[in-house]
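Architecture and fold: a report
Chain by chain, the residues run as shown.
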Amino acid sequence: MKRYISEDELTTLINQLNIESQNETSFSDPISEDSKLYDDNNNEQNGSIQVKDQRIIVRNPFGRGTYPIIKAAERMKLFVNNKEVHSETVVNEKDSIHWEVEEKPLFEITISKDKLFAYFHLHSKQRCPWRLVNQEPSKRLTLTIEEDTYIVLETVRLSDVVTRLEQMSIVAQIDFASIQQELLLPTHQPIIVARGVEPIPGVDAKLELYFSQQVESHFFEVEGSINFRNHLRIPTVNKGDPMAKKIPSVNGTPGYDVLGSVSIPPPPKDVYIETKPSVELTSNGVVIAQMQGRPRITGSKIKTFDVSTSFVINGNMDIETGNIVFSGDVIVHGDVTDNMIIESLGNVYIHGNVYNSTITATGSINVRGNVMASKLYSGYFGVLFNRLYHTTKLLCTHIEKMLNASKLLIQVLESKKQEVRYGQIIMLLLENKMKEIYSLIKELLVVIANIQQIKQDEYAKLKEVSEIFLQPTKLLDMATYNFVQSYLALLKDTHQEVARMQEAHVNISINQCHKSELKSNGDIIIHRDGVLVSDLYSARNIVFLDDNGVCRGSRLDAGDSIVAKVIGGQTGVMSVLKAKKKVSVLKMYSGRVCVGRYCRDIFDAIGATDFDFDFDSMSMKEVELIAPITDR
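Here's what I pulled together on the structure shown here. (Residues numbered from 1 in each chain as written. Predicted model: local features only at pLDDT ≥ 70, side-chain atom pairs only at ≥ 80, totals over all residues. Heavy atoms only, no water.)

Regarding a nonpolar patch on the surface
- Where nonpolar side chains cluster on the molecular surface, the patch consists of Y150, I151 and L153 and spans about 390 Å² of accessible area.
- Judged by its relative accessible area of 40%, I151 is partly exposed. (Patch = residues over 30% accessible without salt bridge, like charges linked within 9 Å, V, L, I, M, F, W, Y side chains within 5 Å. Areas by Shrake-Rupley, 256 points an atom, 1.4 Å probe, with all protein chains shown as cover. Salt bridge = Lys/Arg side-chain N within 4 Å of Asp/Glu carboxyl O. Buried < 20%, exposed > 50% of the residue type's maximum accessible area, 1.4 Å probe, protein only.)

And the structure:
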């Protein structure tokens, strides 16, 4: 009859998971030094062991003397009264003592892990008998042996090796010459005697693009009073122009291993193409534009081609033009004035400045001038969806581990005929082994709270189930294996949905921003002056290109790395630079640098420094030495 296990017992069992037992018992030497056959104090005779003419002779002690001790050398097996002994053993005249030798095979045939090679390893060309070495009587004796080279019991021949190959079903072409050479002039090293044929992998399908996916740098490199329209190099196609071509995949060539099994190479990866009405896909894989505009490609596994039209404002965007909501690119050849809104299902190019406005784009945002008191969001819903993507991915990994751990615990409890509520297992796993799940769920709920205004219904179920994990009473009652598995399915669906929504090659490019907020699913690039009292978030990198570009009183948050130039100044509000992998600065007066979960406050000016994250020691390290600097 099964009994319910107590919480203390279960906690102990959980804490024993993945703990390897290392209980090794060592025994001290039963006799610290080799005793004499005769006791000097009592003048009494001890027992002895002698080896003579292949015989082991044991003599018992006399009077109060001690019995002799026997031990075998390496490669020997020692048996006393038909029982194998592995350490020093006390014996007497009545004990039956015999020995054996652990014989190595004269040769071995091994097959590589990939089964493409068979190896012949000759250990010894012949086998001779072993004999005991004569030894004088002693109270403690170690048996030693030697080969009798005058007698040959067995010799390795070519036919023996071939027979072994046949027994192992090695059917690939056998190199008889190499085997014979090794037998005549042994190297005693593994040699290849049979080879398979490795399969030749196929070639993945690929796309040849006939257009650039990014606006050229001429947009930022123009100097002086030049007509900006002539230097805005936006990729453009006309009706009938080829945009891309699909190069079909090529199948690989099968191979075979030394056992004769055919090895099929993995199928090559294909490229899947979808087209919008503005694009045509021909039978031979050529993508042709059906209208004039900017060629556009989105998606990761499925590539979607489109031609985006442009909405062009030749002067300033102001109250006369009104706000712009457009399903394509937006080009403003002047400034974007106060309180204007641009919503673009493509890229946004602005030749002038942006004042106190909001710009959103599913593609990239390029501002040649300055950005002041504005909000720029690049990619689908910017930072919110990006954080949701990473949080759900981490939670999926941890929840899968929790499900596996719960299975293991249930199996152990069933073997002990003990029972426990599944909710109790989940709670104790969260409290003892997987505490990070709590913080991840809290982070997920914060992200959902920010997204609710946009997709409240879609994330309501995920929010409801996530909150249960933070309420122990509910979790204890509601948690079942299917409940946790359904939560994992919700997380996976959300993660995959966010992955599909992100557009490739998204970035924000500016010269300078002041009191602004920039968020991008890709990179943020600052070409000239820098960032003042602003918040920047990039799912990838934040990069300052000009060596004189400054960052003052701002917060920079990057999902990958930050490459900055001059941080802070003699006075002013401190800046915070936070990145997941690395932060590089050319000059830093003061501020805070965070890499991963670790931060460092900088109070004294430093020179060129890279802050990296050492995942092995779980601590921040500085790749270059920090040295005080003086003003230029």
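Here the narrative resumes, following the displayed structure.
Remarks on the state of the cysteines
- Within the structure shown, the criterion is met by one disulfide.
- Between the sulfur of C594 and that of C599 lies a disulfide, 2.1 Å long from S to S. The sign of the 105° torsion about the S-S bond sets the C594-C599 disulfide as right-handed.
- Relative accessible area serves as the criterion here: at 43%, C599 is assigned to the partly exposed category.
- You can see C513 has no disulfide; the closest cysteine sulfur is in C551, sitting 8.6 Å from it. (Disulfide = S-S within 2.5 Å.)

Focus on the packing of helix α1 (residues 7–15) against helix α6 (residues 422–432)
- Look at α1 against α6: their axes get within 10 Å of each other, and the N-to-C directions meet at 55°. Classified by the angle between their axes, α1 and α6 sit oblique to one another. α6 is crossed by α1, and the crossing has right-handed handedness. Between α1 and α6, the contacting residues are E7, L10, T11, I14 and N15 on the first element and Q424, I425, L428, L429 and N432 on the second.
- Among the residues forming the contact of α1 with α6, the class breakdown is five nonpolar, four polar and one charged. (Axes fitted to C-alpha atoms, helices over the stretch in contact; angles between N-to-C directions. Helix = DSSP H or I, 4+ residues; strand = E, 2+ residues; numbered from the N terminus. Parallel < 35°, antiparallel > 145°, perpendicular 65-115°, else oblique. Left-handed = near helix turned anticlockwise from the far one by under 90°. Contact = heavy atoms within 4.5 Å. Nonpolar A, V, L, I, M, F, W, Y, C, P; charged D, E, K, R; others polar.)

Re unusual backbone geometry
- Unusually for a residue other than glycine, K115 sits at a positive phi of about 65°.
- Assignment of secondary structure puts K115 in the loop between β9 (107–111) and β10 (117–122).
- Even without glycine at this site, H188 takes up a positive phi of about 60°.
- Exposure remark for H188: the relative accessible area of 36% places this residue in the partly exposed category.

Let's talk about the side chain of N347
- Assignment of secondary structure puts N347 in the loop between β30 (341–344) and β31 (348–350).
- In terms of polar contacts, N347 uses its side chain to reach the side chain of Y349, at 3.0 Å. (Polar contact = N/O pair within 3.5 Å; in protein donor to acceptor, adjacent residues only side chain to side chain.)

Let's talk about the pattern of salt bridges
- On inspection of all chains with the given rule, the structure shows 15 salt bridges.
- Taking the shortest distance from any N to any O, the salt bridge between R131 and D148 comes out at 3.8 Å. Linking R131 in strand β12 (residues 130–132) with D148 in the loop between β15 (145–147) and β16 (154–155), this pair joins segments that are 17 residues apart in sequence.
- When its relative accessible area of 31% is taken as the criterion, R131 is described as partly exposed.
- Of the residues examined, D148 reaches a relative accessible area of 14% and is grouped as buried.
- Between R421 and D477 there is a salt bridge, with its nearest N and O atoms 3.0 Å apart. With a gap of 56 residues between them, R421 in the loop between β37 (418–419) and α6 and D477 in helix α8 (residues 472–478) connect regions that are remote in the sequence.
- Look at R421 and you get partly exposed, because its relative accessible area is 42%.

Quick notes on the packing of aromatic side chains
- Using the criterion set out here, one finds five aromatic pairs in the structure.
- Their ring planes at 40° and their centres at 6.4 Å tell us that F117 and Y119 sit as a pair that is tilted.
- Judged by its relative accessible area of 25%, F117 falls in the partly exposed class.
- A ring pair is formed by F469 and F483, whose centres lie 5.9 Å apart and whose planes are at 25°; its orientation type is stacked. (Phe/Tyr/Trp six-rings, centres within 6.5 Å; stacked < 30°, edge-to-face > 60°.)

Notes on the sheet that holds strand β17 (residues 191–195)
- In spatial order, the strands read β9-β10-β17; together these three strands make up an open sheet with antiparallel pairing. Of all the strands in the sheet, just β9 and β17 have a single pairing partner and so form its edges. Strand-to-strand, the axes of this sheet are offset by a mean angle of 25°, without reference to chain direction.
- Pairing geometry for β10 and β17, over four bridges, is antiparallel. Residue pairing in the sheet places Y119 in a bridge with I192 of β17.
- With respect to the sheet, helix α2 (residues 158–167) is in contact with β9, β10 and β17, its orientation differing from that of β9 by roughly 35°. (Pairing = 2+ DSSP bridges.)

Digging into the pairing of strand β50 (residues 591–595)
- Counting buried positions along β50 yields four of five residues, so the element is predominantly enclosed.
- Relative to β50, strand β47 (residues 576–579) runs parallel, the two sharing four bridges. By the bridge assignment for β50, A579 is matched with V595.
- In textbook terms, the turn of a hairpin is the stretch between consecutive antiparallel strands, and for β50 and strand β51 (residues 598–602) this stretch comprises two residues, one of which, G596, has a positive phi near 65°.

Remarks on α6
- With respect to burial, α6 is a largely interior element, nine of its eleven residues being buried.
- Along α6, the positions that sit buried rather than exposed are Y422, G423, Q424, I425, I426, M427, L428, L429 and L430.

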